[in-house]
Number of protein chains: 2
Amino acid sequence: MALIVQKYGGTSVADAERIKHVARRIARTREAGNEVVVVVSAMGDTTDDLIKLAQQICDKPDSRELDVLLSTGEIVASTLVTMALHGMDYPAISLSGAQAGIQTDSSYSRARILKVESQRVKSELDKGNIVIVAGFQGITNGMDVTTLGRGGSDTTAVALAASLGAGVCQRYTDTEGIYTADPRVVPEARRLPEIGYDEMLELATYGNKVIHPRAVELGELYNVPILVASSFTDRPGTLIHGGPFMEVRNKARSVAYDLDVAKITVVGVPDRPGIAAAIFEALARAGVSVDTIVQNASINNITDLSFTVAKSQLAKAMEVVRPIAKTIGARECTSDDKLGKVSIIGAGMQNTPGYAARMFGTLSEKGINIELITTSEIRITCIIEEAKVKDAVLALHRAFELEKED
Amino acid sequence: MALIVQKYGGTSVADAERIKHVARRIARTREAGNEVVVVVSAMGDTTDDLIKLAQQICDKPDSRELDVLLSTGEIVASTLVTMALHGMDYPAISLSGAQAGIQTDSSYSRARILKVESQRVKSELDKGNIVIVAGFQGITNGMDVTTLGRGGSDTTAVALAASLGAGVCQRYTDTEGIYTADPRVVPEARRLPEIGYDEMLELATYGNKVIHPRAVELGELYNVPILVASSFTDRPGTLIHGGPFMEVRNKARSVAYDLDVAKITVVGVPDRPGIAAAIFEALARAGVSVDTIVQNASINNITDLSFTVAKSQLAKAMEVVRPIAKTIGARECTSDDKLGKVSIIGAGMQNTPGYAARMFGTLSEKGINIELITTSEIRITCIIEEAKVKDAVLALHRAFELEKED
């Protein structure tokens, strides 16, 4: 008997009908002869509604209290899915994150899982139960409730799959898998039947919002294959795994984009040790997440330093950087908040020349100016004008013939 | 520094504004130099809404799952009250029933408290926190969430007060205390400044819904004075305690009534041992709660046996009783579901003759026929026609001059 961990997102359990539909899918997995552990998110907009309620009461709700409040959303969903299974005469039991042994540090609102004490889950499986676990939450060793932050329920599911030695973590939402590009932008975009962890990590980090990089990282660390599929259809989805891959992979796999990009350039920076550290340590202390960093080659020991941040953090970042720029003797500090990112990603790119040239050529043909370039072994990213990002995605998808089967 | 336990009901925390109002009351208690532990119910109709949601999914929700589901309502309220205190710069922390150490048996939906392990509450008080506890819930030694059933949050509050050695348990709802009669029926009804546990128990059992007898029983057992007052006014409320009482008590204290009464009479029962047992054991097995039982003196070893049940249980009770009546050779089985109960209650009645006579006389003057009479040391109850109950309450309140100060 195989053990399968499934995870259903908020839209999949948004109302009573959808919860019954999800229960039927779970029952089918059970009928196929599997042990099943299910992780659920909160119903529909529950989490946002609870946050609004808290803000009606207190401008800046305490993070411990907010975590306890939000954790109730997933608990509610877990009991309802369990009741739906009971209604179909399947043995099932709900467990909170604490009961399922999801032990975390005490960083409220963004707790990290320290370990999973899965005895209770195992004993319920041994009793023949389908186990429905409230996602997104854990408990500290002081018995305080925490939430895991963004990507939390996915992380719960992958962590449970790793701890229980499940064969696969099946993650169901309202999207059908990972595509060669966002199908809303590229009509001919094609679903990928499989993708590597490293490729998926780059995709997720560079704009594909289907799955949070954190869950993918954990899957890679414990070698848990993650199926990304829709709970509303029976289409096969995309399997994220570590290989080996059956197909020829000598090509780009997917185009990602991200419209939430603002750039800061510190112009005329003396090129001496400690300058970059002074800037980025100050930003980190202020809670600004810095994304891409590019420093040009210096001329006469003077260089320009550019980096990108989320648009919502631009004002705060400028406040931090301006006085430092002055102190270190930089000429000026400029910013641009009308930018976006476009990336091509594929493990097959790493030993194959010509991808970068083709990418830059394609953008150039479309009259798109490149502001910054950064690359990894399996990714090339160009920062361009925000208004031209979708054109760029379409053009790159065609230039790399991503609509064709691998 | 005195320790005070306060409990706020669902209407007192029904929305953000009321929650802030409750927080101001709590803060005032703190400012008066007290340590404060607060027990809260779920906001407004939350519990009913959650039950409806469960019933959309499953006709008969499993009681373990329903308990987990319902427990979230009080947890939500506890975090919001805590946030409201934070918003006013008071140190506060919310605890679930489990965290507050409310240990129960595993009778889901009507769990009994086995003990209160109050170390966590004490340590939070020692840190200077106001402690806000989610009422109505506990945890089994297997770490499963339970709910305490009717009167649950009141019971949590009194149990915590007993365990912590609090000087008083202040219970705030939308009613201003215990009255000499229901003020909606008797305009001149008067709030009682204090009442004994035993009197309150009789009142609560015989129709006064202001506080559940279970919490009063627990208060009596551990000698915790319970103040019943309104969270919407600053009026003084009613203190339920064990005495001594300052006032002259040689009179009736309050009139209670209950409209939910149906009567079954088994006519022509052979008066021999075991007959009553056969009937009432069968009713208990069927889950029918029997209230008043009256058996007339037998003539020629034949008697009539009458008892009352809630109207909603009449049909079920008749199904159980009819075949037994046949088996034991009773003549017939009759029922009446148009009845009500009216009671006068007062510790001062117990050694004073004349109360029963005055009660029966008053009812007779009003042309009200008495169907059944039962009494305890401090209570006289008459079962009468339902339509005449309110007239009876008014008449008795006047006959016993309850509007006058003690």
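Residues numbered from 1 in each chain as written. Chains lettered and ligands numbered in written order. Predicted model: local features only at pLDDT ≥ 70, side-chain atom pairs only at ≥ 80, totals over all residues.

1. Description of the overall build of chain A
Broken down by element type, chain A carries 11 helices and 18 strands. Here the C-alpha radius of gyration of chain A, 23 Å, is about what a compact globule of 406 residues would show, namely 22 Å. Summarising its shape, the C-alpha atoms of chain A cover approximately 75 × 50 × 35 Å along the three principal directions. In chain A, which comprises 406 residues, the proportion classed as buried is 50%. For chain A, restricting intrachain contacts to residue pairs at least 6 apart in sequence, the fraction spanning at least 24 positions comes to 74%. (Helix = DSSP H or I, 4+ residues; strand = E, 2+ residues; numbered from the N terminus. Rg over C-alpha atoms; globule rule 2.2 N^0.38 Å. Buried ≥ 20, exposed ≤ 12 C-beta atoms within 10 Å, placed from the backbone. Contact = placed C-beta atoms within 7 Å.)

2. Focus: the sheet that holds strand β13 (residues 254-270) of chain A
Residue and element names in this part refer to chain A. What the six strands build is an open sheet, ordered β14-β15-β13-β16-β18-β17; its pairing is antiparallel. The sheet is open, and its two borders are formed by β14 (290-295) and β17 (370-376), each paired with just one other strand. Strand-to-strand twist across the sheet, computed as the mean angle between neighbouring axes with direction ignored, equals 30 degrees. Pairing geometry for β13 and strand β16 (residues 332-345), over 11 bridges, is antiparallel. The residue of β16 that forms the bridge with Val266 is Cys333. Against the sheet, helix α9 (residues 314-327) touches β13, β15 (302-309) and β16, its axis set at about 125 degrees to β16. Running over the sheet, helix α10 (residues 355-365) touches β16, β17 and β18 (379-385) and is turned about 20 degrees from β18. (Pairing = 2+ DSSP bridges. Axes fitted to C-alpha atoms, helices over the stretch in contact; angles between N-to-C directions.)

3. Focus on the interface of chain B and chain A
Much of the literature gives interface size as the accessible area that the parts lose upon coming together. With 27 residues of chain B in contact, the opposing surface of chain A contributes 27 residues. Split by residue class, the side of chain B that touches chain A holds 15 nonpolar, eight polar and four charged. (Nonpolar A, V, L, I, M, F, W, Y, C, P; charged D, E, K, R; others polar.)

4. As for the nonpolar core
One finds A:Val38, A:Val81, A:Leu160, B:Val38, B:Val81 and B:Leu160 to be the most contacted residues of the largest nonpolar core, which totals 246 residues. Every residue in contact with A:Leu160, bar those within four places of it in the chain, is listed here: A:Val5, A:Val37, A:Val39, A:Ala100, A:Val116, A:Ser118, A:Val121 and A:Val133. (Core = buried A, V, L, I, M, F, W, Y, C linked by C-beta atoms within 7 Å.)

5. Notes on the packing of helix α6 (residues 197-205) of chain A against helix α7 (residues 213-222) of chain A
All names here are of chain A. At a closest axis distance of 9 Å, the pairing of α6 and α7 adopts a crossing angle of 165 degrees. In terms of orientation, α6 lies roughly antiparallel with respect to α7. When you trace α6 past α7, the crossing you get is left-handed. When α6 is examined against α7, the residues Tyr197, Met200, Leu201, Ala204 and Thr205 are found in contact with a partner set consisting of Pro213, Val216, Glu217, Gly219 and Glu220. Residues belonging to the contact of α6 with α7 are distributed by class as follows: six nonpolar, two polar and two charged. (Parallel < 35°, antiparallel > 145°, perpendicular 65-115°, else oblique. Left-handed = near helix turned anticlockwise from the far one by under 90°.)

6. Let's talk about the domain arrangement of chain A
The assigned domain composition of chain A is domain 1 (2-174) and domain 2 (254-399). Domain 1 of chain A and domain 2 of chain A are separated by 37 Å when their C-alpha centres are compared. (Domains from an automatic or database assignment.)

7. With respect to the relation of the copies chain B and chain A
Of the two same-sequence chains, chain B is brought onto chain A (RMSD 0.1 Å, axial shift 0.0 Å) by a rotation of 179 degrees. Accordingly, the operation relating the two chain copies is best matched by a two-fold axis. No C-alpha of chain B lies nearer the rotation axis than that of B:Thr72, which sits 2.7 Å from it. Looking at the interface residues of chain B, 100% of them are also at the interface in chain A, so both copies use one shared face. (Least-squares fit on C-alpha atoms with pLDDT ≥ 70 in both.)

8. Some points on helix α3 (residues 63-87) of chain A
All names here are of chain A. The end-to-end C-alpha distance of α3, which contains 25 residues, comes to 37 Å, matching closely the 36 Å that a straight helix rising 1.5 Å per residue would cover. Most of α3 sits out of view: 23 of its 25 residues are buried. After α3 finishes, the residue Asp89 shows a positive phi value of roughly 70 degrees. (Expected span 1.5 Å × (residues − 1).)

9. Quick word on the pairing of strand β11 (residues 226-230) of chain A
All names here are of chain A. Burial analysis of β11 places four of its five residues in the buried class, which makes it a mostly covered element. Two strands pair when backbone bridges link them, and strand β9 (residues 168-173) and β11 are joined in this way by five bridges, in the parallel orientation. Within β11, the residue paired with Tyr172 across the bridge is Ala229. Here β11 pairs with strand β12 (residues 238-241) via three bridges, running antiparallel. Following the sheet pairing, Val228 is matched in β12 by Thr238.

10. With respect to the sheet that holds strand β6 (residues 130-134) of chain A
Strand pairing in a sheet relies on backbone hydrogen bonds. The paired strands run either parallel or antiparallel. Residues and elements named next belong to chain A. Across the sheet, which stays open at both edges, the eight strands sit in the order β3-β6-β2-β1-β9-β11-β12-β10 with mixed pairing between neighbours. Two strands bound the open sheet, and with one partner strand each, they are β3 (92-95) and β10 (194-196). Taken over all neighbouring pairs, the strand axes of this sheet differ in orientation by 20 degrees on average, direction set aside. The pairing of strand β1 (residues 2-8) with β9 spans five bridges and is parallel. Each bridged residue has a counterpart across the sheet, and for Lys7 the counterpart in β9 is Arg171.

11. Regarding the confidence of the model for chain A
Taken as a whole, chain A shows an average pLDDT of 92; of its residues, 98% reach a score of 70 or greater. Across the predicted assembly, pTM comes out at 0.86 and ipTM at 0.83. (pLDDT = per-residue confidence, 0-100.)

12. Some points on helix α7 (residues 213-222) of chain B
Residue and element names in this part refer to chain B. The complete set of buried residues in α7 reads Arg214, Ala215, Val216, Leu218 and Gly219. Here the buried face of α7 lies against α5 (152-164), β9 (168-173), α6 (197-205), β11 (226-230) and β12 (238-241). Downstream of α7 by a residue or two, Asn223 has a phi angle that is positive, lying close to 55 degrees.

13. Things to note about the packing of α3(A) against helix α2 (residues 46-57) of chain B
Taken N-terminus to C-terminus, the directions of α3(A) and α2(B) make an angle of 35 degrees; their axes are 8 Å apart at the nearest point. At the point where α3(A) passes α2(B), the crossing takes the right-handed sense. Two secondary-structure elements touch here, α3(A) through A:Leu80, A:Met83, A:Ala84 and A:Gly87 and α2(B) through B:Leu53, B:Ala54 and B:Ile57.

14. With respect to the environment of B:Ala278
All names here are of chain B. On the secondary structure map, Ala278 appears in helix α8 (residues 275-285). For Ala278, a count of 14 C-beta atoms within 10 Å corresponds to the partly exposed category. Measuring from C-alpha to C-alpha, the distance between Ala278 and Arg120 comes to 49 Å, with 158 residues separating the pair along the chain.

15. Focus: the environment of B:Val186
Residues and elements named next belong to chain B. Tracing the backbone shows Val186 in the loop between β9 and β10 (194-196). Judged by local crowding, Val186 falls into the buried class, with 21 C-beta atoms found within 10 Å. Among all residues touching Val186, those that are not within four sequence positions of it are Ala181, Val393, Leu394 and His397.

16. Some remarks on unusual backbone geometry
Phi angles above zero are rare outside glycine, and A:Ser109 is one such case at about 75 degrees. Looking at the element boundaries, A:Ser109 is found in the loop between β4 (102-104) and β5 (113-116). Under the C-beta neighbour-count criterion, A:Ser109 is labelled partly exposed, with 16 such atoms within 10 Å. Even without being a glycine, B:Asn301 presents a positive backbone phi close to 60 degrees. Within the secondary structure layout, B:Asn301 lies in the loop between β14 (290-295) and β15 (302-309).

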